[in-house]
Amino acid sequence: MPKITSSAHVFANSVAILDPNGEYTYQQLIDASNQWAYRFLLGATDLDGARVAFMVQPGFHYVAVQWGIWKAGGVAVPLCVTYPIASLQYVLEDTGASQVVIDTDFQEVLLPFVSASQLKHHLVHDEVTPQDMSLPEVSSDRPAMILYTSGTTSLPKGVVTTHGNIDFQMSCLVQAWEWKATDRTLCILPLHHIHGIINVIGCSLSVGATCEFMPKFNAVDVFSRLLSGELTVFMAVPTIYFKLISHWDTLSTADQHVIFDTLLKFRLMVSGSAALPVSVMEKWHIISGHWLLERYGMTEIAMAISNPFHGERRPGHVGLPLPGVSVRLMGDNEEIKEELEPGEIQIKGPNVFQSYWNKPSATQETFTEDGWFKTGDVAHLDGGYYKILGRSSVDIIKSGGYKLSALEIEEVLRVHPDIEDCGVVGLPDDEWGEVVAAVLVLKNAITKEEINTWLRARLPGYKVPRLYHFVEELPRNAMGKVTKNDLKIMFYRGSP
Ligand code: MCA
Ligand code: AMP
């Protein structure tokens, strides 16, 4: 059985979860996840790696379903709660999910497809008769989870991690950041990505701490929870810190003092998923007295590099390798880079994923012959601390902490009957890190609003371009390839 689910017995009577519906102990989590496991098993002894997808609001039921899938020997596939049906259908079909769990709020979007495709489905709030069965032994090398990540291919790839990967990813952070049973954290992140799943929920519940859920980010509500004086650990992406800072700027000096005094009592505040601007780190220090701990991760490896819990947290740097994780910087000519020389970050260790789902050649291409995972991120070492310098692909965009593929957005835009051709780029932005911008060649006149309405039925909101520029022809190099830097320049000159 996965370690996080078995260690829960030690903390049986402690509060595990607080969500908008109430407070739940670890014992309640154990009982509910056992019942989910029995429901998934449908009389079988082991799901043997069958994929179970779930579209469940962040909170107690989300965790109970996730643990239930793991206990039954299945592979958990969390679905993004803001995906339109086209994106949900892609994940369900790509994973070949055999069962789906649907929360009340998502029946309208998911149920018609699930019923039409005759997928076995469970509604979170269905009345079921409690059962008692034995559960399978699930070894640590078996797949546990598939998360979808965008990359340099047009369609997102499923990243398969094993129970062993997940156990290590959590225990490594528990050790590095000194998680304790007395901790209490607030989860405001989406639960189809590592940041929320491993760093926030996984770490807190693996040590017997309490995890509070706020299903939708809102600066006013987050400040009110931070000010409760009950929380000890907070984790977010830079965009969230930016939004909190913007709200703080509107408050009275008296309120700002109260915030400082309360936030100072936190044990740890972390930023990650995208580069933390030095200005945000400095402003947050003024607001809270904390130097944010910045760390570096990726869906395929979870966390790999982190500023220290004790010691210098260096602005603009992501820190040092985490315990048990090996990091090297590799040059174009297969030479390991020294201090201040840029190279690709490559990673080895028990944190590294098993494979891309059903994509053996993509899996093989992403590892070196001697087994290092190639991240595609470029960094240099500066006095022992890693500093991220950029990415090897212009087609990857980081916006609000989400990794987006320009190629995926282009593919969808090209399907539009009034669009002849297009090029998508990421433009630097103080709040979002980057914003998605599209240059379009039109066949017929169409407005930005019409394009966005059409796109929102096909892509989640965070992948939809914020800026458009219309041209007669896309700029190309001698090889006929669209020159993305020229596209970026069009926006700096101003969009019509
Ligand atoms: C939402 N909007 C965006 C984005 N997201 N615009 C540009 N880029 C985005 N990424 C737009 C919406 O479409 C909407 O526009 C408006 O912003 C408000 O939307 P809403 O959803 O209400 O935004 P929000 O709630 O303010 O969301 C901001 C957010 C969210 C909380 C920062 O983006 C978020 O939760 N980001 C975290 C992502 C994350 O966890 N990444 C981790 C993956 P309109 O009003 O026009 O409709 S990376 C990872 O896991 C690795 C391992 C790692 O290192 O951590
Ligand atoms: P994802 O695969 O969605 O998890 O995104 C992983 C990518 O986010 C990495 O490959 C980096 O490009 C980026 N990233 C994560 N943390 C940081 C950070 N602290 N600074 C800069 N980039 C980061």
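Since we're looking at a predicted model, the values are computed, not measured.

Draft legend 1. Region of interest: the site of ligand 1. Taken together, 27 residues lie near ligand 1, and Lys216, Ser273, Arg295, Ser399 and Gly400 sit nearest. Between ligand 1 and Lys216 there is a distance of 2.7 Å, counted from an oxygen atom to a side-chain nitrogen or oxygen. Arg295 places a side-chain nitrogen or oxygen 2.7 Å from an oxygen atom of ligand 1. Look at ligand 1: alone it shows 1,000 Å² of surface, and the protein chains cover 77% of it. Elements represented by at least two residues in the shell around ligand 1 include exactly helix H7 (194-206), helix H9 (238-248), strand E13 (293-298) and strand E21 (396-399).

Draft legend 2. Up close: the packing of helix H10 (residues 253-263) against helix H11 (residues 278-288). Close contact between H10 and H11 brings their axes to 7 Å; oriented N to C, the two are set at 95°. Classified by the angle between their axes, H10 and H11 sit roughly perpendicular to one another. Each of Ile259, Phe260 and Leu263 in H10 lies in contact with H11, whose residues at this interface are Trp284, His285, Ile286, Ile287 and Ser288. Grouping the amino acids of the contact of H10 with H11 by side-chain chemistry returns six nonpolar, two polar and no charged.

Draft legend 3. The packing of aromatic side chains, seen in detail. As enumerated under the stated definition, the model contains 13 aromatic pairs in all. Ring geometry for Phe234 versus Tyr241: centroids 5.8 Å apart, planes at 85°, classification edge-to-face. In this structure Phe234 comes out as buried when scored by relative accessible area, which is 0%. Taken together, the ring pairs in this structure connect Phe353, Tyr356, Phe367 and Phe373 into an aromatic cluster. The aromatic ring of Trp36 is capped on one face by Arg39, whose charged end is 4.1 Å from the ring centroid. One Lys or Arg, Arg314, reaches over the ring of Tyr385 and ends 4.0 Å from the middle of that ring.

Draft legend 4. Fine view of the sheet that holds strand E19 (residues 373-382). Spatially, E16-E17-E19-E20 is the arrangement adopted by the four strands of the open sheet, whose pairing is antiparallel. Where the open sheet ends on each side, the last strands, each with one partner, are strand E16 (326-330) and strand E20 (385-391). Recorded for the sheet is a direction-independent mean angle of 50° between the axes of neighbouring strands.

Draft legend 5. The site of ligand 2, seen in detail. The immediate surroundings of ligand 2 are formed by 16 residues, with Glu294, Arg295, Thr299, Asp377 and Lys398 found nearest. At 3.4 Å from a nitrogen atom of ligand 2 is found a main-chain nitrogen or oxygen belonging to Ala275. Between ligand 2 and Asp377, the relevant distance is 2.5 Å, taken from an oxygen atom to a side-chain nitrogen or oxygen of the residue. Its free accessible area being 500 Å², ligand 2 has 92% of it covered by the protein chains. Listing elements by their share of the shell around ligand 2, those giving two or more residues are E13 and E20. Tallying contributions element by element places E13 first for the shell around ligand 2, with five residues. Partitioned by chemical class, the residues of the shell around ligand 2 number six nonpolar, four polar and six charged.

Draft legend 6. Representation of the environment of Lys403 in the model. Along the chain, Lys403 turns up in strand E22 (residues 402-405). A relative accessible area of 21% means that Lys403 is categorised as partly exposed. C-alpha separation for the pair Lys403 and Ser150, spaced 253 residues apart in sequence, amounts to 6.1 Å. Excluding residues that lie within four positions of it along the chain, Lys403 makes contacts with Thr149, Ser150, Met298, Ile396, Ile397 and Lys398.

Draft legend 7. Seen up close, the side chain of Thr363. With respect to the helices and strands, the residue Thr363 is situated in helix H12 (residues 360-365). Looking at Thr363, its side chain comes within polar contact range of the main-chain nitrogen of Tyr356, at 3.0 Å. With near-sequence residues (within four places) excluded, Thr363 lies in contact with Gln354, Ser355 and Tyr356.

Draft legend 8. Just helix H8 (residues 219-226), in detail. When we look at burial in H8, the residues that qualify are Ala219, Val222, Phe223 and Leu226. Projected down its long axis, H8 carries its buried residues within an arc of 100°, all on one side. Among the structural elements, strand E9 (184-187), strand E11 (233-236), H9, H10 and H11 are those in contact with the buried residues of H8. The N-terminus of H8 is capped by Asn218, whose side-chain oxygen sits 2.9 Å from the backbone nitrogen of Val220.

Rules of the game
Residues numbered from 1 in each chain as written. Chains lettered and ligands numbered in written order. Predicted model: local features only at pLDDT ≥ 70, side-chain atom pairs only at ≥ 80, totals over all residues. Heavy atoms only, no water. Near = heavy atom within 4 Å. Polar contact = N/O pair within 3.5 Å; in protein donor to acceptor, adjacent residues only side chain to side chain. Areas by Shrake-Rupley, 256 points an atom, 1.4 Å probe, with all protein chains shown as cover. Helix = DSSP H or I, 4+ residues; strand = E, 2+ residues; numbered from the N terminus. Axes fitted to C-alpha atoms, helices over the stretch in contact; angles between N-to-C directions. Parallel < 35°, antiparallel > 145°, perpendicular 65-115°, else oblique. Contact = heavy atoms within 4.5 Å. Nonpolar A, V, L, I, M, F, W, Y, C, P; charged D, E, K, R; others polar. Phe/Tyr/Trp six-rings, centres within 6.5 Å; stacked < 30°, edge-to-face > 60°. Buried < 20%, exposed > 50% of the residue type's maximum accessible area, 1.4 Å probe, protein only. Lys NZ or Arg CZ within 6 Å of the ring centre and 35° of its normal. Pairing = 2+ DSSP bridges. Arc of directions from axis to C-beta.

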